[in-house]
Amino acid sequence: MHISYNKLWKMLIDKGMTKMDLKDAAGISASSIAKLGKGGNVTTGILLKVCEALQCHVEDILETKDD
């Protein structure tokens, strides 16, 4: 099982935001954006910052998928 951030990328498109816009709005590093882009592991703190910036809940930006 792995985590997919496809919901996050769709939300960014819907809001007309780029990954760099998200980085600035959430106050997270470029390396965190890169990890999200690769489906990597990030801390719950990073996820919460993203959710605060996008005014959403964690379940709105990620989902689990079977391998």
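Residues numbered from 1 in each chain as written. Predicted model: local features only at pLDDT ≥ 70, side-chain atom pairs only at ≥ 80, totals over all residues. Heavy atoms only, no water.

Visitor: When you look at the environment of Ser-29 in this model, what are you seeing that I'm missing?
Guide: The topology assignment puts Ser-29 in the loop between helix H2 (19–26) and helix H3 (30–37). Exposure remark for Ser-29: the relative accessible area of 34% places this residue in the partly exposed category. Along the primary structure Ser-29 and Trp-9 are separated by 20 residues, whereas in three dimensions their C-alpha atoms are 17 Å apart. Here the side chain of Ser-29 touches Ser-31 through a polar contact of 2.9 Å, side chain to side chain. (Helix = DSSP H or I, 4+ residues; strand = E, 2+ residues; numbered from the N terminus. Buried < 20%, exposed > 50% of the residue type's maximum accessible area, 1.4 Å probe, protein only. Polar contact = N/O pair within 3.5 Å; in protein donor to acceptor, adjacent residues only side chain to side chain.)

Visitor: I keep staring at the pattern of salt bridges and nothing clicks. Help me out?
Guide: Where charged atoms from two side chains of opposite charge come close, those side chains can pair. Enumeration according to the criterion identifies 3 salt bridges in this entry. Here Asp-14 ties to Lys-10 by a salt bridge, and the two come within 3.0 Å at their closest N and O atoms. On the criterion of helical spacing, the pair formed by Asp-14 and Lys-10 is a turn pair, its members being 4 residues apart in helix H1 (residues 6–15). Of the two residues examined, Asp-14 and Lys-10, each falls in the exposed class. Note that Glu-63 and Lys-65 form a salt bridge whose closest N and O atoms lie 3.8 Å from each other. Its relative accessible area of 34% is what places Lys-65 among the partly exposed residues. (Salt bridge = Lys/Arg side-chain N within 4 Å of Asp/Glu carboxyl O.)

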